[in-house]
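A look at the structure
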Amino acid sequence: MTVTVEHGSEPWPVRIRGPRGEVLGAGMLIDERQILTCAHVVAGASDDPHAAPTGPIGIDLVGQPGSPHMSARVLPGCWVPPTDEGGGDVALLELSRPMSPGPYAPLRRMRLWDRHVVVRGFPDTLEQGLYVRARLAGPSGTRRERVQMDAATTGPQISPGFSGAAVVDDITRTVVGMVVSTYRDSHDAPPVGAGASPASGLSWMIPVETILHHLPRLGDLVPGTPSVDRGFLAANHLPVDPAVARQITDLFTRQLDANVLIVVTVHSESASAAAVRRAAVRSSRELRPTAAPTVADDRADVPPVGSIDLAVDVTGRATEAVSQRIAEWTGAADDTAGGHAAALPPRSSIIDNIDEAGDPETLLSDVVMPLVDQAATRDLRVLLTFRGEALGLRLALLARRVATLAATEAAAERAYRAVAPLVADPPPVPSRSTRLRIRLTALRAMADPSARADRLASTERAIDRAVREAEAVRRRLVAMEADWSELRGRLDGFLAMAVDHGLDEDAALSPLYRRAYEQLTGGACDLTAAAAAVHRYADAVRHGVGVRSAGGVS
């Protein structure tokens, strides 16, 4: 069971010192003897920066009463140096004597995009530590082992001295990673608190799953399961269907024009099933092969590390268990207030063997369909696999997607009617739902299994494409209306400024305002021309106000 504490009272942060007492960085106490930190942090205590230090390392237990000082050593086989490709850089230390019982740093695997986090580090000028807020942005590095963090405020930023610090999720209060570097991890880094430079707000962390890949001995300290179910590890030596492998990779690298891909694997020993399993495992930060990367790992038919957020094998599992699995991984299960976390599904996921679940129909209606419903609007990537043709399940899913398409087209049509009188050349709204509904009806009546299988697959692709395109048109129409409204608001705002400064009757300004106003309100306008006209008027108002303020004549 994970034990968390209130922010600011964590007993597990540590400060790591060099041989001359200088602060090297941070770390975290993960049990009564072990400290997790970055390899490059403890390398500062070594005569050879490319080797683990053999002597004692100074540790300040800043989370404990009185911040007692102790020593620690690098555990054998637990120093993984950083690589040129942005990998590794983890180390595990052992204290000279055990600490009193925890709580210790609550390491946790979970969704790593668009989450707000808190970090405590020890920059040179603030030895007692500094708290900084950031937002997790996305995978980074050649091997995608790390996750980029963007500054959440314009105040203090993550800077040198934060390496090895725990990255704490703001909602769950669990540790989801460890700071590894900043954009300018050097002596000329911006001073703490200086957020003007973009570089000062950019940093990276090593996710817990990557840490477990390099230090699997920590697995017992991390509750829950990897983002990829361990069942995907089975029999990955089998031949892989290259066409299916390429489709899966294109889906998760966003090169396939689809949000939802359906694959029929037939049986567990098939080449298609092997392709699904290999994609899941190779994308896992934790479960991917431990051997050194080879040219084969960069093939176009293998998804990059971290490109699949969650892969769940639902064989024999109850719907409630699958739903809970997803909720725990996304953090929605912790968000008792029903806020932001609960609204964010996995960005990319595999739901494997749907027709072999404990209750396939309920799983489809309660878990799969709600996920698929959001695929186009949130730009998700979802791979659904079935062992057999699963005609009833797939037709039910098709019917749901046709209904989603009809609703999306209706929303796009409403957006079109709102924007057409205002803006020239709005994109036409596609109308495919009726035709695809007729196609679905024909599918239900088909008797030839072979012809039906081909027609079913092509209809699934057609509906996915239609939903995707309808949503894109709806978004474009909404954006056009928003652009027009923003221009109209700017024009009104600068008119008010002109009036406030006595410029409303200015001979030079009046025609500029009139042209901009007519551009926006004289029928369907050219947004580019209207924007230019508003911009000219705004510049003229600013100039006139400046002249008036300087005591001149406008």
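Quick note: structure is the one above.
It should be emphasised that the depicted structure is a prediction, and the values quoted were computed from it without experimental measurement.

Right, let's get into the packing of aromatic side chains. Applying the stated criterion to the full structure yields 2 aromatic pairs. Ring geometry for Tyr513 versus Tyr517: centroids 5.9 Å apart, planes at 25 degrees, classification stacked. Here Tyr513 pairs with Tyr517, and both are found in helix 10 (residues 509-521), just 4 residues apart, close to one helical turn. Residue Tyr517 is classed as partly exposed on the basis of its relative accessible area of 33%. Each member of the aromatic cluster is reached from another via a ring pair, and the members are Tyr513, Tyr517 and Tyr537. When the ring centre of Trp113 is taken as reference, the NZ or CZ atom of Arg347 above it lies at 3.9 Å.

Another point: the nonpolar core. In terms of nonpolar packing, the biggest core is built from 47 residues, with Met28, Leu36, Ile59 and Leu93 touching the most fellow members. Counting residues per element, this core draws most heavily on strand 5 (residues 69-80), which supplies 7 residues. The next biggest cluster of nonpolar side chains, apart from the first, holds 28 residues, and it includes Cys525, Leu527, Ala530 and Ala538.

What follows is about the pairing of strand 15 (residues 348-352). Counting buried residues in strand 15 gives 5 out of 5 residues, a clear majority hidden from the surface. Here strand 15 shows a buried face lined by Ser348, Ile350 and Asp352 and a second buried face lined by Ser349 and Ile351. One ladder, built from 4 bridges, connects strand 14 (residues 310-313) with strand 15; its direction is parallel. Opposite Ala311, over in strand 15, you have Ile350 as the bridge partner. When strand 15 meets strand 16 (residues 381-386), the two strands line up parallel, connected through 4 bridges. In the sheet register, Ile351 faces strand 16, and the bridge partner there is Leu384.

Below, the discussion takes up the sheet that holds strand 11 (residues 175-182). Overall, antiparallel pairing links the 6 strands, which are arranged 7-8-9-12-11-10 in a closed barrel. Direction aside, the axes of adjacent strands within the sheet are offset by 45 degrees on average. Examined bridge by bridge, strand 11 and strand 12 (residues 202-207) share 5 bridges and lie antiparallel to one another. Within strand 12, the position partnered with Met178 by the bridge is Ile206.

What counts, and at which threshold
Residues numbered from 1 in each chain as written. Predicted model: local features only at pLDDT ≥ 70, side-chain atom pairs only at ≥ 80, totals over all residues. Heavy atoms only, no water. Phe/Tyr/Trp six-rings, centres within 6.5 Å; stacked < 30°, edge-to-face > 60°. Helix = DSSP H or I, 4+ residues; strand = E, 2+ residues; numbered from the N terminus. Buried < 20%, exposed > 50% of the residue type's maximum accessible area, 1.4 Å probe, protein only. Lys NZ or Arg CZ within 6 Å of the ring centre and 35° of its normal. Core = buried A, V, L, I, M, F, W, Y, C linked by side-chain atoms within 4.5 Å. Pairing = 2+ DSSP bridges. Axes fitted to C-alpha atoms, helices over the stretch in contact; angles between N-to-C directions.

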